Amino acid sequence: MGIILIATSVVGGSLRRNNFLTKKMTEEEIQKIIEENKLPSDELDGFGINFIGNILPIVFVLLFGFIAFFVEETETSSTTESMFILLKISGFWLIYNLWKKYSEKNLKKIETGLSEDSNIGIIVQLMEMENLELVHCKENYFEFHIPSWMNGGCKLVLIADENQILYNVRIKDTGKGRPQNTFGYTPYQKLKIKRQIMKCLIQE
């Protein structure tokens, strides 16, 4: 491979070596990711942080609904029908969160028509433009941290392949779990990365 970057970061528009460790991932593992179009299990799959961020809020809503509408007899006390509605909303919410969790590691593709080495160059250019914080890299696999003042930021993975660049953005642990509903923050980051890659392609 013509271009191999190992733990480099952008400072003042230039690349320098930093103290991050390279991700211990073989070429076979990277190729498997590309073939399956999905990232492997990692630190964001922990049961605790996903339970707190996805399931626990639903439990609290059910508990609050039960206390508010069922414990005390009032004119607005719920009937069996109201209980069914509350359970149905919670059920849909749970299914939605589970589906989002199941599909969150799927990779999106940007067709470039360029060689793998040229696509690595595009990723390097993107890293410079956005001043991305490089966490791990191995051959054509790059992992970045996108910071945010409102949460734990995002984990960005970019993979250079022949004729395409694969990418994935996922919310990190906020200290209070990993919510699947990020109020548009994760979709915004995905759209931003895609637009910046397309801009790099135009300049190529």
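Provided above is the structure to which this section pertains.
An account of the accompanying structure is given in this report. Keep in mind that this is a model prediction, so the values were computed, not measured.

**Thoughts on the pairing of strand E7 (residues 164–171)**
Item 1. Within E7, 8 of the 8 residues are buried, which leaves the element mostly enclosed by the surrounding structure.
Item 2. Of the two faces of E7, both are covered, the one formed by Gln164, Leu166, Asn168 and Arg170 as well as the one formed by Ile165, Tyr167, Val169 and Ile171.
Item 3. Where strand E6 (residues 154–161) and E7 come together, 8 bridges link them in antiparallel fashion. Looking at E7, one finds that Cys154 is bridged to Ile171.
Item 4. In textbook terms, the turn of a hairpin is the stretch between consecutive antiparallel strands, and for E6 and E7 this stretch comprises 2 residues, one of which, Asn163, has a positive phi near 75°.

**Some thoughts on the sheet that holds strand E5 (residues 141–146)**
Item 1. Spatially, E3-E7-E6-E5-E4 is the arrangement adopted by the 5 strands of the open sheet, whose pairing is antiparallel. Edge positions in the open sheet fall to strand E3 (108–111) and strand E4 (133–138), since each of these has one partner strand only. For this sheet the average axis-to-axis angle between neighbouring strands, irrespective of direction, equals 20°.
Item 2. Both E5 and E6 contribute to a ladder of 6 bridges, which runs antiparallel. Bridge pairing links Ile146 to Cys154 in E6.
Item 3. The strands touched by helix H1 (residues 27–36) within the sheet are E4, E5, E6 and E7, with E6 carrying the most contacts at an inclination of about 95°.
Item 4. Across the sheet, helix H4 (residues 116–130) touches E4, E5, E6 and E7, and the angle it forms with E6 is around 150°.

Parameters at a glance
- Residues numbered from 1 in each chain as written.
- Predicted model: local features only at pLDDT ≥ 70, side-chain atom pairs only at ≥ 80, totals over all residues.
- Heavy atoms only, no water.
- Buried < 20%, exposed > 50% of the residue type's maximum accessible area, 1.4 Å probe, protein only.
- Helix = DSSP H or I, 4+ residues; strand = E, 2+ residues; numbered from the N terminus.
- Pairing = 2+ DSSP bridges.
- Axes fitted to C-alpha atoms, helices over the stretch in contact; angles between N-to-C directions.
- Contact = heavy atoms within 4.5 Å.

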